[in-house]
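# Structural overview for review
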Amino acid sequence: MKLPVTRRGFLQLGAGSIAGLALAGGVPSALGGLDDLLAPPPPHVPGGPEQWKTGICSLCPAACGLRVRLIGDRAVHIQGNSLHPVNQGGLCPKGIAGLQALYHPDRLRRPVRNIGTREKPEWKAISWDEAMALMTARLRDLRSSGRAHTVAVLDRRRRDLRGRLFREFLHAYGSANYLRLSSGSDALQTAVFLQQGISQLPAYDLENSRYVLSFGVDLLEGWSSPVSIMRAFGRWRDPDSGRSTKFVQAESRLSPTAAHADEWLALRPGTEATLALGIAYVLITERLFDADFIRDHTFGFEDWKDAGGNTHMGFRTLVLGEYGLNRVAETTGLAPEVILRVAREFARHRPAIAIGDVQNSRLAGDPYGAMAVHSLNALVGSIDVSGGVLVPPDVEPGVGKPAPSRPAIDSTAAAHPLSGYDLSALAASIASRQPYGLEMLILHEVDPLFTEPARDAFKRAFQAVPFIVSFSTFANESSAAADLVLPAATGLERWQHGSAPDSFAYRVEAVAAPVVKPRYDSRDPADAVLALAAALGGEVAAALPHADFQQYLRREADRIFSAETGAVFAPAVEQAWDRLLQASGWWAPTFSTADELWAQMQEKGGWWEPTYYYGEWQRVCRTPSGRFEFYSQALRDWASSHPAFASANGLAPGDDALCLPHQRKLPEASADYPLLLMPVEVLPFVGAEGAHLPYLEQIAGEHLYAHWESWLEINPQTAARLGIADGDKIWVESRRGRVPATARLYGGARPGVVHLPLGLGQSQGPDWARRGANPLALVEAVPEPVAGIARTGDTFVRIYRS
Amino acid sequence: MTAVEQGPDAMTVTANARFGLPGRGARQRALLLAVLFTASAAAAQERAGYFIPGNPKAGMSVFFAKGCAKCHSVLGEGGRSAPDLARAPGDHMSADDLLATMWNHAPTMWERMSATKVASPRFSETEMQDLFAFLYSVRSLDVPGDAERGHRLILEKRCLTCHAVGRQGGRTGPDLERWTQYRNPVSWIQTMWNHGPAMRATMAQRGIEWPVFEGSDVADLIAYVRKLAPGDRKKVYLRPANPEAGRAVFKTKGCISCHSVGGGTGGRRAPDLGSSTLPRTLGQFAASMWNHGPTMWGTMEQAQVRQRQFTNAEMADLIAYLFSERYFELRGNAQRGASLFQEKRCSLCHQAQGPGPDLSAWAHASPATLATGLWNHGPAMLERMHQQNIDWPFFRHGEIADLLEFLRRNKPPKRTGGAP
């Protein structure tokens, strides 16, 4: 965004002050001195000694370990940390692009406050002291007037210590409103909760699996930790390992993942549950399932009687009754012999994994479908075995007592058996100020007005909150709607912490000191929160006595020391040694004091627990039965007390299918909107972030040589029918509106289905990010009934040349 | 070498095995170890007390760096096309046995390497020493047990008559669930040992046979109990043990009054604890102590000797000491060695007029040093033997020790030249 400068502002700049600069439009993306306006800065040629430092990537939740090369105080190169157990020296393009994020010319440079209105903002640059005083005054006022519960933090779903810090702050302050956005894995999370009773995502031991059956998961793109998944993919074909692993991708689109799979099952979109249950049909009828596991560790496989003597349908009856091969073939569009063969392979190449955690398919927002896929793991006994589905240790300590007096705003709707996922309802509660209004909302490096399907609802919600603070490194749509925007230091400029990514079975606590000093006047949001706690004093300060995030991390390191387990990051062979010892009951640390541990964590990159403990069933399954539940008793309890739940699922009250995996009814296209739109997440833009970095823009659509714009993938036959040629500029229109795109004919797109990449189309922020269109502007995100997760794959569109 | 450089392990590196000790003391002990190791090949073969030469952590690096892991695994880490060297063979192996096994399989390995176009690695003495230390250490580790088998055992051994696991079982003894935090079978045996006499009396009253544990029994029982436990307890491990301290425990607890170790000082009333017939892993070794508990306590009672209790660390140190001793083979029999020298046809090459080197230079070499020679010169030796129609000799347990004893005492006459 070019900087519109008034005469007054120009003169004030000339005087060396930017305090009175008034701008029309969004948050200034770069507020610099006079020289910045008159001439581009000279190229910076760094000088000074060379050094290497350890860092942690912050460009996606995987938090890969980094080694950063500096010349003087300038970071010039990023590569992976070979000692980090997750990425083991590898790095994906996002990580490498970290330098572009660090030295981006459009970074937010100093705190700004909106002294105008939300409709017509006027941004005034202020100091951090002023910003903190503003926030402290508000917080103090709210707390003293008994309204502490009206302060909320909106964060992404994270497992690192930053999230815990913000939760601790809120808890000590007196609010339960630590609110989190969707992660893309919400359907799987829900399924695992219903079937295993655990509240964290499972880990998939892909490297040791013999057969990986993926239902649309973008394994080789952005899912979980791209680097560690690609490493596992390489090992599947390693002749030295003495085995090979077959990888089958069931997906309607020929994604890069599908293209690299051993086999691509091009099923109809939205029929993943049917395919999974069809495979279950084969396993059951041919007795290929693990009978011992079913007998010893599951509930609800067979029909069963409740305490009142009523018989309930079990999984076997459901599958045999409704998912016969012919019907499955007809529904999915796959040949019956293919389904038969894949089912037999899945059963015979153990350990096998079925995985269905997706953004890029209609399984997103389908917990029943995710349950169907996860049921396959139970059928072949792949729960809690090497090469199967593992349950990482849950290491979250509590945030202290007592609990805040008012419950969180998103738990009072009580519309679902599981709360915390219905972001539409959350936004509606905030907008309607029911059951209470929020007075202050802190956005912790999130941009819901851009990234969330329920963005319109969040827009209305923002309007109902009197004071919004945004911590962000770049201007974005949500910060443009805030009242106070605070520039966040990047991951290379602050003390950084990284946990294990979802799908990694071991506990990881990575730590890195700042690699470079913060640029401009940016700060670590965690330091800011700790400063707020200190300024508030009393109980809040006592609960968080740490001067900065470094001290907070040090506390965690001391806890790790007390646990007397695990090992500091080390070369692979040493890691294997630590694993061998620990699995046998020995612990041989390289440190003998807490100080030594802290120093080694910084030097090597962190600490981890290298051993997975099998057989701890009370950790693996926490359902009412203590077993894997094909038939979810949690759903049964909910359904019995909420009659509307059945009709919301299109079922009759008391129907056992409510508690079992099943294929949901799929909406159909109409004459006006004949094409199904399925947004896709591409690696460079994972998390809807990355479009502001040129490296990533350049490689976004490599399979089509498409970049720097939104491309619409359309099947050639469909395109021909519509008179669309490759490269045509088109409009893509749904009931909600329309966006522009460039048509790209792609044989990997199914006839009648089109795809737009997520992550493009920002309306605020860096120039490079303001290209293309946001598919979420088209998506009709209907919350599903179980957890309220937004379904993003049920939107139908039409396209025409512009 | 400092503690961090050498790295800890369960039995070896006595100098640095226990962390938390003063750095200066650790460096002194490291120096002592280094002196002992580098003293000479001759010294290395002598029983340098209970010091096991080599660094097992470095040895694991050697295992991977030299390509052993391309075919072999150790407890699942590594390749799958050759045996898991931590599990096979199943019996205890001293350093001599490791050498013999390596020797016996060497031709097969070289053949396989040649077929797959992999160059046979060369080793330095240090590398081989470390590799031996690694293989010896890793073979002593207990693997996690089988919970299903553990379930059968807990019923078969009637543990639940007195002990509960969670909600099921007796209340005479403590609930075993609270022990699930202890990850090491040695810890379990230590607690059981301390309570053994009381348990013995109760079992006798109830007509319960003394449970004897073999193989993976203890690990299996622990796996079963852990399965029923919440699993979120802090896990307690044993720190690397100190064989030097274990030697002291062996004396102070009075074990030495009945047992000797490797034919050394000690009693003769009870078995020599350096015997190679004793179990392979640390946990199994501790379990065998339990198995003989009633006999031992009975003997102690008769001798009016108080039954000794152990702390966790003491039990670990004692086991480590005994394991360290077992690394070294008992001295062989020179007479048998002489027969072997002929029988294995070593004399054809390694004689006064033979083409092979004078083996007297190797008479005092450690098994690891000999293994170094095997790998570095073996392929050429094999080739020569094929040409001369000589079978590669196969060594059984003890034969290496006999051969070396023979060589030590009977140096072959020096060659004065001339064609073989």
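For the structure, check the block above.
Residues numbered from 1 in each chain as written. Chains lettered and ligands numbered in written order. Predicted model: local features only at pLDDT ≥ 70, side-chain atom pairs only at ≥ 80, totals over all residues. Heavy atoms only, no water.

The helix and strand tally for chain B stands at 17 helices and four strands. Residues counted as buried form 54% of the 420 residues belonging to chain B. Here the contacts in chain B between residues at least 6 apart in sequence split such that 73% fall between residues at least 24 apart. (Helix = DSSP H or I, 4+ residues; strand = E, 2+ residues; numbered from the N terminus. Buried < 20%, exposed > 50% of the residue type's maximum accessible area, 1.4 Å probe, protein only. Contact = heavy atoms within 4.5 Å.)

Moving on: the sheet that holds strand S15 (residues 352-355) of chain A. Residues and elements named next belong to chain A. Sheet architecture is open: four strands sit in the order S11-S10-S9-S15, paired in parallel fashion. The two strands at the open ends of the sheet, each matched to only one other strand, are strand S11 (263-265) and S15. Pairs of neighbouring strands in the sheet enclose a mean axial angle of 15 degrees, with direction left out of account. Bridging between strand S9 (residues 211-215) and S15 involves four bridges; their strand directions are parallel. Bridge pairing in S15 places Val212 opposite Ile353. Each of S9, strand S10 (246-250), S11 and S15 touches helix H14 (residues 336-348); the most contacted strand, S11, lies at about 125 degrees to it. (Pairing = 2+ DSSP bridges. Axes fitted to C-alpha atoms, helices over the stretch in contact; angles between N-to-C directions.)

To continue, consider the environment of Leu340(A). Residues and elements named next belong to chain A. Tracing the chain through its elements places Leu340 in helix H14. When the C-alpha positions of Leu340 and His171 are compared, they lie 53 Å apart, and in sequence the two are 169 residues distant. Apart from residues lying up to four places away in sequence, Leu340 is in contact with Val282, Glu286 and Leu325.

Contacts between chain B and chain A engage 42 residues on the former and 34 residues on the latter. In total, about 3,300 Å² of surface goes out of reach between chain B and chain A, with carbon and sulfur atoms giving 58% of it. The largest contributions to the chain B side of the interface with chain A come from Lys57(B), Tyr237(B) and Arg239(B), which together make up 20% of the buried area. Connecting chain B to chain A are five salt bridges. Note that Glu77(B) is salt-bridged to Arg579(A), the shortest N-O span being 2.7 Å. Connecting chain B to chain A are nine residue pairs in polar contact (both at pLDDT 80 or more). Listing elements by their share of the side of chain B that touches chain A, those giving two or more residues are helix H4 (56-65), helix H7 (125-139) and helix H10 (217-228) of chain B. If you tally residues by element for the side of chain B that touches chain A, the top one is H4(B), at five residues. (Buried area = accessible area lost by both parts, 1.4 Å probe. Salt bridge = Lys/Arg side-chain N within 4 Å of Asp/Glu carboxyl O. Polar contact = N/O pair within 3.5 Å; in protein donor to acceptor, adjacent residues only side chain to side chain.)

With that settled, consider the pattern of salt bridges. All names here are of chain A. For the structure on display, the rule yields 61 salt bridges over all chains. A salt bridge links Arg735 to Glu780, with the nearest nitrogen and oxygen atoms 3.6 Å apart. With Arg735 in the loop between strand S27 (729-734) and strand S28 (737-745) and Glu780 in the loop between strand S29 (753-755) and strand S30 (782-783), the pair connects residues that are 45 residues apart, well separated along the chain. One continuous salt-bridge network, built from bridges that share partners, spans Asp155, Arg158, Asp160, Glu445 and Arg494.

For the rest of this paragraph, the subject is the nonpolar core. In this structure, Met102(B), Met128(B), Leu131(B), Phe132(B), Phe134(B) and Ile154(B) are the most contacted members of the largest nonpolar core, which totals 106 residues. Residues in contact with Met102(B), not counting those within four places in the same chain, are Met109(B), Met128(B), Leu131(B), Phe132(B), Ala371(B), Leu374(B) and Trp375(B). Counting 96 residues, the second-largest nonpolar core is a separate cluster that includes Leu267(A), Ile279(A), Ala347(A) and Tyr612(A). (Core = buried A, V, L, I, M, F, W, Y, C linked by side-chain atoms within 4.5 Å.)

Turning to the sheet that holds strand S21 (residues 508-512) of chain A, a few remarks are in order. All names here are of chain A. The sheet built from four strands is open, its strands ordered S20-S21-S23-S22 with antiparallel pairing. Looking along the sheet, the strands with just one partner apiece sit at the ends: strand S20 (496-499) and strand S22 (567-568). Pairing of S22 with strand S23 (residues 606-608) involves two bridges; the strand directions are antiparallel. Across the sheet, the residue bridging to Val568 is Trp607, located in S23.

Looking along the chain, the bond that leaves Arg350(A) and enters Pro351(A) is cis, with omega of 0 degrees. You can see Pro351(A) is positioned in the loop between H14 and S15. Cis geometry marks the peptide bond from Gln434(A) to Pro435(A); its omega dihedral reads 0 degrees. Mapped onto the secondary structure, Pro435(A) falls in the loop between helix H16 (423-432) and strand S17 (440-444). Unusually for a residue other than glycine, Ala688(A) sits at a positive phi of about 60 degrees. Looking at the secondary structure, you find Ala688(A) in the loop between strand S25 (675-677) and helix H28 (694-699). Among the residues examined, Ala688(A) registers a relative accessible area of 17% and is labelled buried. Phi angles above zero are rare outside glycine, and Arg158(B) is one such case at about 65 degrees.

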